Structure formats: structure tokens, C-alpha cells
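If you want the building blocks of each chain, they are given just below.
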Amino acid sequence: MTDSTWLNRGHQLIPGREVFRSERRFHLLAYSASHGQLLMRSIGQPDTPGEPETTIDLLFKPASVVKIRDDYRGLAIRCATAAESAQVKADYTSVSFGEEDHVFVLESQGESDYVVAMAVGWTEGILDLPRQSFFNNFHPATPIWPYQPLGGIDAGLNIASAQELIDALMDEENTTIRRERHRYVYVVMTRVIRSGGPDIKGAGVFLTRADAEEAQAVITANSVECWIEELPIAV
């Protein structure tokens, strides 16, 4: 069960109005240049007594100006007053702001930061371990399991080494940790035409493209249609 809020309308974002408040700890989780997505999180620990069970994912989109810290102990977000908004925007003469660009003031422990974005929203609930966030979900149109918190351009900062992948595959104890890194593997796919239609199967999974290409050459030499697909595996 999740609770979601999305604010992007003028009547929801009245200057000076507080739109969010929590005493929990939040940290900067991810940024994607695609649609200027900025994601912050308060981590839930449902298996730890005394800790909050739910995760809160807080998203600004699209964010054109950002002045924040990577960690907040307690967080309140309000819409800037007209004077505050004018001051912030005046400091960025190279940015063309539109009427829908709102200045969100982030307040924590007596200090203030801000984000200029068109919208802010959050989702709170139990985040299942295989999921990276509430804001990057699986879609049948692009049938690849999301391996990063935000869709769009991947900075590659969470790509694991081949050795980390091997260690993860051999580790039987850490079955309840969130897989926050990934490693691409290379799947050699084959297509064989049969009487009932094409039979498409994965012939093998390889840690490196070089190994996959060697297998592909052997399979192709046997007159079987063959290609390589890259898939992320959570580590």
C-alpha cells in the first residue's frame, strides 16, 4: 500500500504555502538529465525495530536550478514567497524561467536551500527489494527491469565490476539487501524457424562482450541466426 502526492498546479503551489514536512532523514539519491529529475529518499527499514517501516521517495521534475545538500535531518518544503522567488530567479540571468517554474524552499535545522522546478511529488510505502524507486517502474513497452532509481540517461556511477557480480552470485547470506548496483551481462540469442513459427531462445549468458562474440561466431558458423543482447543484472 502506497500513498502518493503530485503537485504541479497553480492552486496547489500557492506562494508561502508549506507542501511537505517530515522529521525523518532524507538524502540525495539520484539525478537524471532526462526531464531534469531530482530524487531524494528517506530509507525505510521494516525489519529493524524502532526504525521507520516505509520508504519516502521525493521527486522534483523538471528541475532547472538546484541548491541543496546531500543530507537532511528533518525536512520541510514550502513554495517560496513572491519576493523569495524573484530573488532566486534574479541570481540566474542565463536561465529562461517560465510561468510554471516554481521555487521550492527546503528548510532543515534552521538552514534553507531551494530547487526551481515545475512540480514536486512523493510516494510513501514499503519499497520491495527488487525495485529501485517508486518513480521508475517496469513498462511492457520497454521490457527491461529498471536497474536505476530514475529512468533516462544513466551516469554509470552504479555499475559494478565483474568481480562484484561474481561475489554476489556466490554470496548466499545477503539475500535481503537492496541491489543498488548493476552489471551488464551479454545474452546470446538465437532464432530457429520451425513449422509452428520462430523459436527464439537464449543460448548463453556471458560476463564480457568478447566472450559473447566468440560464442556468437561459433553459433553463426552453424547457420543459426544469432545476436547479442545486453541486460543489466542487479548486484
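Quick caveat, the model's predicted, so the values are computed rather than measured.

**Q** Talk me through the side chain of Gln148; I want residue IDs and the actual numbers.
**A** Along the chain, Gln148 turns up in the loop between strand S7 (111–125) and helix H2 (162–170). A polar side-chain atom of Gln148 sits 3.4 Å from the main-chain carbonyl oxygen of Gly152. Every residue in contact with Gln148, bar those within four places of it in the chain, is listed here: Gln132, Asn136, Asp154 and Asn158.

**Q** Any details on the packing of aromatic side chains? Residues and values, ideally.
**A** Per the counting criterion, the structure on display carries four aromatic pairs. Ring centres of Phe20 and Phe26 lie 5.7 Å apart, and the angle between their planes is 85°; on these two criteria the pair is classed as edge-to-face. Its relative accessible area of 7% is what places Phe20 among the buried residues. An angle of 75° between the planes, with centres 5.8 Å apart, marks the rings of Tyr147 and Tyr184 as edge-to-face. Of this pair, Tyr147 sits in the loop between S7 and H2 while Tyr184 sits in strand S8 (residues 182–194), and the two are 37 residues apart along the sequence. According to the relative accessible area criterion, Tyr147 is buried, its value standing at 19%.

**Q** Tell me about the environment of Trp145, residues and numbers included.
**A** Mapped onto the fold, Trp145 is located in the loop between S7 and H2. Taking the C-alpha atoms as reference, Trp145 lies 9.6 Å from Ala234; in sequence the two are 89 residues apart. Apart from residues lying up to four places away in sequence, Trp145 is in contact with Pro130, Arg131, Phe138 and Pro232.

**Q** Can you explain the side chain of Arg24? Please cite residues and give values.
**A** Positionally, Arg24 belongs in strand S2 (residues 18–32). Among the polar contacts made by the side chain of Arg24, one reaches the side chain of Ser42 at a distance of 2.9 Å. When neighbours within four sequence positions are excluded, Arg24 is seen to be in contact with Ser42, Ile43, Gly44, Pro52, Thr54, Thr55, Ile56, Tyr72, Arg73, Gly74, Leu75 and Glu124.

**Q** Describe in detail the pattern of salt bridges, supporting the description with residues and values.
**A** In total, this model carries 15 salt bridges according to the counting rule given. Of the charged contacts, one joins Glu164 and Arg181 as a salt bridge, the two residues approaching to 2.9 Å between their closest N and O atoms. You can see Glu164 sitting in helix H2 and its partner Arg181 sitting in the loop between H2 and S8, a full 17 residues away along the chain. Between Arg194 and Asp199 there is a salt bridge, with its nearest N and O atoms 3.1 Å apart. Beyond isolated ion pairs, a larger network of salt bridges with shared partners links Lys67, Arg69, Glu111 and Asp113.

What counts as what
Residues numbered from 1 in each chain as written. Predicted model: local features only at pLDDT ≥ 70, side-chain atom pairs only at ≥ 80, totals over all residues. Heavy atoms only, no water. Helix = DSSP H or I, 4+ residues; strand = E, 2+ residues; numbered from the N terminus. Polar contact = N/O pair within 3.5 Å; in protein donor to acceptor, adjacent residues only side chain to side chain. Contact = heavy atoms within 4.5 Å. Phe/Tyr/Trp six-rings, centres within 6.5 Å; stacked < 30°, edge-to-face > 60°. Buried < 20%, exposed > 50% of the residue type's maximum accessible area, 1.4 Å probe, protein only. Salt bridge = Lys/Arg side-chain N within 4 Å of Asp/Glu carboxyl O.

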